[in-house]
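# Results of the structural survey
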Amino acid sequence: MTLPAAQSLPTQPQALTVRAVLFDMDGTLVDSTAIVEQVWLEFAERYGLDYDEILRTSHGVQAGDTVRRYAPAGADVVALTAELGEMERNRTDGIIALPGAEALLQALPDDAIALVTSADRILADIRMQAAGLTMPTTAVTAEEVTRGKPHPEGYLKAAALLGAEPADVVVFEDAPAGIAAARAAGMRTVVVGDAGGELEPGMWRIPHYSAVTVEAVRDDDGGHLITLTL
């Protein structure tokens, strides 16, 4: 059964009823901005690249895709990606959860949520732990997809693992690439923060999770009906 789409009321609380909730990680649940920017700055300075351009296009995208795009001709993309990954795994100072993220994850049924991130599993575990957040049982990380965001593969895979149709899913995202992936998957999308451009039908925006409330009930087929008030 496909649930009716929620209507957006710009000056009133907005309610979305779904069967599954998918989350990006960096910038959406976890604030790791300082570390990410530091690593890409070191990469840009090493090769004389445009740091601002790298930041503009790398957020929410798998690191290997960004290295492949910007590394000089002849560079060992696999080795560079592994090196950057090691740098990110060894830096956790300043990583925090977004306001309200912990409470929201705890309020949602674990079998109806998933993490969908461009980070690999090791980095995702490190950052979620550093932020004091519990990793959902279902997580689709970089090594589990063949095409990263903005391709919808990760979000479609997570929905399938949870047994939910795309129309019955809401995605929380912050980056243009991730938003594009969620939209391409046919999923309603909540933009966290002020990035992501203009909102389209089926999209909402929140600054963080402090005002988000959850009501979850079991339906007749054993799944969940989850109402999120934004």
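Remember, predicted model here, so these are calculated numbers, not experimental data. The residue numbering used here restarts from 1 in each chain and proceeds along that chain's sequence as written. Local features in a predicted model are, by the rule used here, given only for residues with pLDDT of at least 70; side-chain atom pairs are given and counted only at 80 or more, and totals for whole chains, interfaces and linings are based on all residues. Each side-chain value is worked out from all heavy atoms of the structure, with water and hydrogens disregarded.

## Focus: the overall build of the chain
Each helix and strand counted, the chain has eight helices and eleven strands in total. For this measure, only C-alpha atoms enter the radius of gyration; the expected value for a globule follows 2.2 Å times N^0.38, where N is the number of residues. Scaling as 2.2 N^0.38, a compact globule of 230 residues should have a C-alpha radius of gyration of about 17 Å, and the chain matches this with 18 Å. Whether two residues are in contact is decided by their heavy atoms, any of which lying within 4.5 Å being enough. If you take every contact in the chain between residues at least 6 apart in sequence, the share linking residues at least 24 apart comes to 62%. Of the roughly 10800 Å² that the chain leaves accessible, carbon and sulfur atoms contribute 53%. The positive count covers Lys and Arg only, the negative count covers Asp and Glu only, and His and the chain ends enter neither. Taken as the charge centre is NZ of Lys, CZ of Arg, CG of Asp or CD of Glu, depending on the residue. Across the chain, the 16 positively charged side chains and the 34 negatively charged ones have centroids separated by 4 Å. Helix and strand assignments come from DSSP, with helices taken as H or I runs of at least 4 residues and strands as E runs of at least 2, each series counted from the N terminus. Computed with a 1.4 Å probe, the accessible areas rest on the Shrake-Rupley method; for each residue, only the protein chains presented here act as cover.

## Describing the pairing of strand 2 (residues 20-23)
Buried means the residue's accessible area, taken with a 1.4 Å probe over protein chains only, is under 20% of the maximum for its type, while exposed means over 50%, and partly exposed covers the values in between. Going residue by residue along strand 2, you find A20 and L22 tucked away on one face and V21 and F23 tucked away on the opposite face as well. The pairing criterion for strands is at least two bridges between them, as found by DSSP. With four bridges connecting them, strand 2 and strand 7 (residues 169-173) associate as parallel partners. Bridge pairing in strand 7 places A20 opposite V169. Across three bridges, the pairing between strand 2 and strand 5 (residues 113-116) is parallel. Following the sheet pairing, L22 is matched in strand 5 by A114.

## Focus on empty space enclosed by the protein
In this approach, a probe sized like a water molecule rolls over the atoms, and the result shows the empty space that is left. Both cavities and pockets are sets of points on a 1 Å grid over the protein atoms alone; in a cavity a 1.4 Å probe fits but cannot get out, in a pocket the set is open with protein on both sides within 12 Å along at least five of seven lines, and lining residues sit with an atom within 4 Å of a point. Grid points are joined across faces, edges and corners, and a volume is the space filled by probe spheres set on the points. Applying the stated criterion to the full structure yields one cavity of 30 Å³ or more. Its boundaries defined by the atoms lining it, the largest cavity holds a volume of some 70 Å³. What lines the largest cavity is simply Q62, V116, T117, S118, V140, T141, V145, R147, G148, K149, H151 and G154. As a working rule, the residues Ala, Val, Leu, Ile, Met, Phe, Trp, Tyr, Cys and Pro are called nonpolar, Asp, Glu, Lys and Arg charged, and the rest polar, with Gly in that last group. A class-by-class count of the residues in the lining of the largest cavity yields three nonpolar, seven polar and two charged.

## Quick word on the confidence of the model for the chain
The share of residues in the chain with pLDDT of 70 or more is 95%, and the mean pLDDT across the chain is 91. Each residue carries a pLDDT value, the predictor's own confidence for that position, ranging from 0 to 100. Confidence over residues 4-10 falls short of pLDDT 50; this stretch has ten contacts with residues more than four positions distant or in other chains.

## What about the nonpolar core?
Residues V21, F23, L29, F172, Y209, L228 and L230 are the most contacted members of the largest nonpolar core, which totals 48 residues. Looking at this core, the element that brings in the most residues is helix 1 (residues 33-47), giving six residues. In contact with F23, other than residues within four places in its own chain, are L29, L104, L105, L108, A114, L115, V116, Y155, F172 and Y209. To qualify as a nonpolar core, a set must consist of buried Ala, Val, Leu, Ile, Met, Phe, Trp, Tyr and Cys residues joined through side-chain atoms within 4.5 Å.

## Concerning the pairing of strand 10 (residues 213-218)
The sheet contact formed by strand 10 and strand 11 (residues 224-229) spans six bridges and is antiparallel. Bridge pairing in strand 11 links V214 to L228. Hairpin connection between strand 10 and strand 11: a loop of five residues separates the two successive antiparallel strands, and G222 in this loop has a positive phi of roughly 90°.

## Considering the sheet that holds strand 1 (residues 15-18)
Reading across the sheet, the three strands line up as 1-11-10 and stay open at both edges, with antiparallel pairing between neighbours. The sheet is open, and its two borders are formed by strand 1 and strand 10, each paired with just one other strand. Sheet twist, expressed as the average angle between the axes of neighbouring strands with direction ignored, equals 15°. Where strand 1 lies against strand 11, four bridges are found, and the strand directions are antiparallel. Bridging across to strand 11, T17 finds its partner in T227. To obtain each axis, a line is fitted to C-alpha atoms, and for helices this fit is confined to the stretch in contact; angles are then taken between N-to-C directions over 0 to 180 degrees.

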